[in-house]
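Geometric and topological summary
So the chains spell out like this:
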Amino acid sequence: MNDAFDIRNMESHIEVHKFRGGAIVGATLLALMFQAFVPVYFAKAAMIDLPLLITIYFGLSRRNPSTGLLLGMIIGLLQDSLSGPTVPLGLYGIAKTVIGYLASSIGARLDTEHPAARFALTIIFFGLHQGIVLLTRRILLAQSSVWFTMHLAAAAVVNAIVAVFLFALLDHLRKS
Amino acid sequence: MAGIPSRHKSIFLLAGVVLLQILLLALQIKRDSEGRLIRVWTVGAFSPFERAGNHGIGHLREAWRHYFALQNASRENEQLRRENDDLKIKVTQLQSKAIEADRLALLLNFHKSHESVPMLGARVIATSAGTASATIMLDRGSKDHIKKNMGVITPEGVVGKVVEVYDNTSEVLLLTDKDSGVGAMLGNSRVQSPVGGAGEPLLVMKYVANDDVVSVGERVVTSGMDKIFPRDLPIGTITDIKPGNPFKSIRIRPSAHLERLEEVIVLLTLQPLQLNQETETAKPSASVATKPAAEAAKSPVSGTVAKPAPAPVSSAAVPTSTNAAAAVKPE
């Protein structure tokens with residue numbers, strides 16, 4: 001009982017951030033545009049999953065699982081829509097829904113403001129995201145994919161580094 | 001969502017949203033040669049239940065049919081049995097009609113092959129009431145121009161002759177009656193001798209001399225000398241020959257099935273008939289030729305024989321024209 005009381009006490013000290021109007025929508029759209037257009041010119045930029053980072057950031061910041069999963073779903077479906085006819089609607093949608101939910105749930109219990117925590121969480125969520133996508137491909141789409149490659153590991157690290165800076169940038173969109 | 005604790009709402013929401021997207025995926029994806037994924041899933045999900053349901057319903061239906069829905073079975077069984085009996089009767093009737101049709105066809109063919117001879121088909125409607133005589137009753141009578149002493153035959157052979165005529169019926173004395181007789185001759189040797197009944201199924205040929213060659217199985221045909229039956233109509237086949245004094249005792253099996261007659265042909269004339277145009281002359285039996293006239297006149301077709309012209313009926317027992325004349329004399 002004491003543990004439960006402590007957790008509630010701890011949760012009550014975690015701040016739920018609010019953002020300026022249009023910040024979430026604007027950031028989401030920009031991330032999607034970046035994901036869609038930048039790799040055309042910079043192929044290596046495809047390694048960065050900006051929609052995933054946006055999902056993680058707003059999930060961790062809003063700390064509401066329902067909002068987080070819905071935001072993840074919308075971002076994922078939009079990403080699916082922009083990914084061409086070879087990617088069915090729902091592939092990234094499912095993965096980002098789960099990530100949005102988990103990020104919101106974790107954000108409600110832990111302090112995710114520290115850059116190290118953000119770095120670590122991003123790596124974990126990136127791996128989880130790839131796992132869900134892989135499972136979906138294998139189970140639902142009957143497509144073969146490898147579980148782990150060095151490219152994926154490098155992408156996880158790169159995304160985590162980008163996330164540290166991106167999240168710091170996005171922190172400016174919060175209402176003071 | 002109202003009854004769900006608030007901390008679990010997001011989990012349910014997550015599950016719902018993920019599920020929706022999975023369905024969305026399924027709607028878009030096509031498996032190789034299996035159609036859309038949603039269809040594959042749906043079929044895969046439902047088919048076990050369908051199979052199980054079908055199996056169960058099949059068993060239930062079987063059970064219902066075989067154990068519970070039998071309330072009308074007894075009635076249906078009874079009805080089917082009745083129908084079966086009716087059908088059996090109909091089959092028997094049809095078989096009988098088919099046989100009758102065959103017989104009538106035979107009669108018709110016979111009639112056609114002897115168109116110059118006036119004939120009338122008649123149906124046997126009764127037989128003699130006792131064993132003392134062998135007669136049958138026909139459904140044709142004087143209204144159909146049947147007269148006494150007319151010959152009655154079937155395509156198989158001679159039957160007898162008309163002995164009584166009524167308006168609509170007539171009575172026929174069969175060859176097997178002990179008082180009956182017909183002018184006959186042996187098919188091979190052409191030896192002539194009257195054939196008469198003995199009150200039993202076989203006929204008797206009475207006046208064949210011991211010297212004449214006769215063999216078992218030889219055909220006996222009409223001689224035409226009785227002026228009733230045309231020549232060469234089959235009478236029967238010899239089945240037994242015994243030497244006698246002074247004549248052989250010859251027994252003949254009638255060609256016509258006299259014990260089961262149903263349709264017959266009445267020869268509608270009292271004039272001498274000639275079915276065949278043969279000019280062959282029958283060889284008279286020496287013994288019959290020498291037979292006393294009184295004896296010849298007396299025999300076989302009792303009562304109805306030996307009538308002089310204009311009724312051209314002579315005794316069936318008269319083997320030759322000479323004897324026929326002699327047969328008339330005593331009257």
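Here's a quick rundown of the structure. (Residues numbered from 1 in each chain as written. Chains lettered and ligands numbered in written order. Predicted model: local features only at pLDDT ≥ 70, side-chain atom pairs only at ≥ 80, totals over all residues.)

1. Details of the overall build of chain A
The following threshold applies: Labels follow the DSSP assignment, with helices taken as runs of H or I lasting at least four residues and strands as runs of E lasting at least two, numbered in each case from the N terminus. Counting other C-beta atoms within 10 Å of its own, a residue is labelled buried from 20 upward, exposed at 12 or fewer, and partly exposed in the gap between, with every C-beta atom placed from the backbone. In this description, a residue-residue contact is defined by the distance between C-beta atoms placed from the backbone, which must lie within 7 Å.
For chain A, the helix and strand inventory stands at seven helices and zero strands. Ordered by position from the N terminus, the helices and strands of chain A form the series α-α-α-α-α-α-α. Looking at chain A as a whole, 39% of its 176 residues qualify as buried. Contacts in chain A between residues far apart in sequence, at least 24 positions, make up 71% of those at least 6 positions apart.

2. Section: the packing of helix 3 (residues 50-62) of chain A against helix 4 (residues 65-82) of chain A
All names here are of chain A. The condition is simple: Fitted lines through C-alpha atoms give the axes, limited to the stretch in contact for helices. The angle between two N-to-C directions lies from 0 to 180 degrees. For classification purposes, angles smaller than 35 degrees are called roughly parallel, those larger than 145 roughly antiparallel, those between 65 and 115 roughly perpendicular, and all remaining angles oblique. Any residue outside Ala, Val, Leu, Ile, Met, Phe, Trp, Tyr, Cys, Pro, Asp, Glu, Lys and Arg is labelled polar, Gly included; the first ten of those are nonpolar and the last four are charged.
Between helix 3 and helix 4, whose axes approach to 9 Å, the crossing angle comes to 170°. With respect to their mutual orientation, helix 3 and helix 4 come out roughly antiparallel. Packed against helix 3, whose contacting residues are Pro-51, Ile-54, Thr-55, Phe-58, Gly-59 and Arg-62, the element helix 4 presents Thr-67, Gly-68, Leu-71, Gly-72, Ile-75 and Gln-79 at the interface. Tallied by class, residues from the contact of helix 3 with helix 4 come to five nonpolar, six polar and one charged.

3. A few points about the interface of chain A and chain B
In this assembly, 16 residues from chain A lie in contact with 13 residues from chain B. Elements represented by at least two residues in the side of chain A that touches chain B include exactly helix 4 and helix 5 (91-107) of chain A. With six residues, the single largest contributor to the side of chain A that touches chain B is helix 5 of chain A. Class assignment of the residues belonging to the side of chain A that touches chain B gives a composition of twelve nonpolar, four polar and no charged.

4. Remarks on the sheet that holds strand 7 (residues 170-174) of chain B
Residue and element names in this part refer to chain B. Note the threshold: Only strands that DSSP links by at least two bridges are regarded as paired with each other.
The strand order around the closed barrel built from six strands is 3-4-7-6-5-15, with neighbouring strands paired in antiparallel fashion. Here the average twist between neighbouring strands, direction ignored, is 45°. One ladder, built from four bridges, connects strand 5 (residues 151-154) with strand 6 (residues 157-165); its direction is antiparallel. Residue pairing for strand 6: Thr-154 is matched across the bridge by Gly-157. Packing against the sheet, helix 3 (residues 73-113) makes contact with strand 3 (119-127) and strand 15 (263-267), and its axis sits at approximately 20° to strand 15.

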